[in-house]
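# Structural description and commentary
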Amino acid sequence: MHLRSVSAAARPLALFLLVFSFVLLAACGQATGGPAGGDAARSEGAAAGSENAGTDAAAGGEGSAGKAAAEPPVVHVYTARHYDADQALFDDFTKETGIEVKVVSGKAEELIERIAREGDATEADVFITVDGGVLNRAKERGILAPIDDEAILQNVPAELRDRENAWVGLATRARVIVYAKDRVKPDDLSTYEALTDPKWRGKVLVRSSTSLYNQSLLASFIALNGRDWAKRWAEGMVKNFARPPEGNDRDQMKAIAAGVGDVALVNTYYVGLLLTSEDPKEREVGAKIGVFFPDQTGHGTHINVSGAGLVKGAKHPENAKKLLAYLTSVPAQEKLAALNFEYPANPKARWPELLESWGRFKPQTLDFADLGRYNEEAVKIFAEVGWK
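Below, the structure is looked at part by part.

Analysis parameters
- Residues numbered from 1 in each chain as written.
- Predicted model: local features only at pLDDT ≥ 70, side-chain atom pairs only at ≥ 80, totals over all residues.
- Heavy atoms only, no water.
- Salt bridge = Lys/Arg side-chain N within 4 Å of Asp/Glu carboxyl O.
- Helix = DSSP H or I, 4+ residues; strand = E, 2+ residues; numbered from the N terminus.
- Buried < 20%, exposed > 50% of the residue type's maximum accessible area, 1.4 Å probe, protein only.
- Pairing = 2+ DSSP bridges.
- Right-handed = clockwise from strand over helix to strand, strands pointing away.

Once that is clear, we can look at the pattern of salt bridges. All told, the structure shown has 27 salt bridges when counted by the stated rule. In this structure, Arg-141 and Glu-113 form a salt bridge, with 2.9 Å as the shortest nitrogen-oxygen distance. Taken together, the residues Arg-141 in the loop between helix 6 (132-140) and strand 4 (144-145) and Glu-113 in helix 5 (residues 108-118) connect sequence positions 28 residues apart. Taking relative accessible area as the criterion, Arg-141 reaches 42% and is therefore assigned partly exposed. The class for Glu-113 is partly exposed, based on a relative accessible area of 34%. Among the ionic pairs, Arg-250 bridges to Glu-282, the shortest N-O distance being 3.2 Å. Taken as a pair, Arg-250 in helix 10 (residues 249-257) and Glu-282 in helix 12 (residues 280-287) lie far apart in primary sequence, 32 residues in all. Looking at Arg-250, the relative accessible area reads 24%, which means it is partly exposed. The buried category is assigned to Glu-282, whose relative accessible area is 12%.

Structure (structure tokens):
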């Protein structure tokens, strides 16, 4: 307000109003904390504090209720197994415990190197793969921590565990002789070595030497019988091939059904998967195949193991132990056997009807680490004898 814009008579009133306005403004500023901060500053501080509290809850200290709300319990699994049965078990575990299973799939060697390269920064809590030699490689690479949980160790017998408990078995599969039911009698079969007899010339089917299954089979022969014996066996097999090695185990059985050959070496669970396939043609092939367990009066039928270990430096070690205890429990073992037709590692678990129909058998007994120790020698022998 400008005093020049009013009459002389009104100037005292205008002056009063102007002074009153200044006093009123000063009082309001003081009540609201003044120009130095007031409620606005306190409000910003409260907002920042609230935001920090939320961050703290997410990052959280031990036992923080905010942490539990922000991050559900989890376990990270790096696996070289690619079966629907495994995912079914992970889903069951989550339903039972509330612990989410996050899976990273890949080839075993790549996963081992990834975990080793990531070191303490790795998210992996559990490593799962097939083949005792590969499991031993993971141990030697230094990525596994010893398992000391009795709930896990009591579920798996010593012969299906690492000698220092770096890993435990989840399941086994037998590498058997399968045969054409309409052309071969079980009495015609006996041992792996007998397949090198000239009577099987042009009748033996098997996959290539790049197959880890075949490499581990030959490695077991080196460990049990020596290199010379193993080489003679491989040479005899090559002479009896019905065709150059090709395809997977299912393809060998399909070739038997087609009359290409009469006998083949396959893993037992492939027979189960054929017999229960959604494809009627595969079921028809499976029905034509017989299963024979060789070497029952000798070293026994070759078996290999699928196993799991705790990753060294795991971020969620307790959840990882809970998962391994669950996977080796009787209910989970029976479900795995029923879905994937592998033999359960837990001796208390019942075999499904199909596995029982093939009969009990004597398995090879050797240190599974030998499958890795003699792998390189096995590969050399295959090359020497021309097993492609």
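Now that the structure has been shown, we can carry on.
Extensive coverage of strand 1 (residues 74-79) is indicated by the burial of six of its six residues. Bridging between strand 1 and strand 2 (residues 100-105) involves six bridges; their strand directions are parallel. Note that in strand 2 the partner of Val-74 across the bridge is Glu-100. As a crossover connection, the stretch from strand 1 through helix 4 (residues 84-97) into strand 2 is right-handed. Bridge count between strand 1 and strand 3 (residues 126-130): three bridges; the pairing is parallel. Within the sheet, the bridge partner assigned to Thr-79 lies in strand 3 and is Ile-128.

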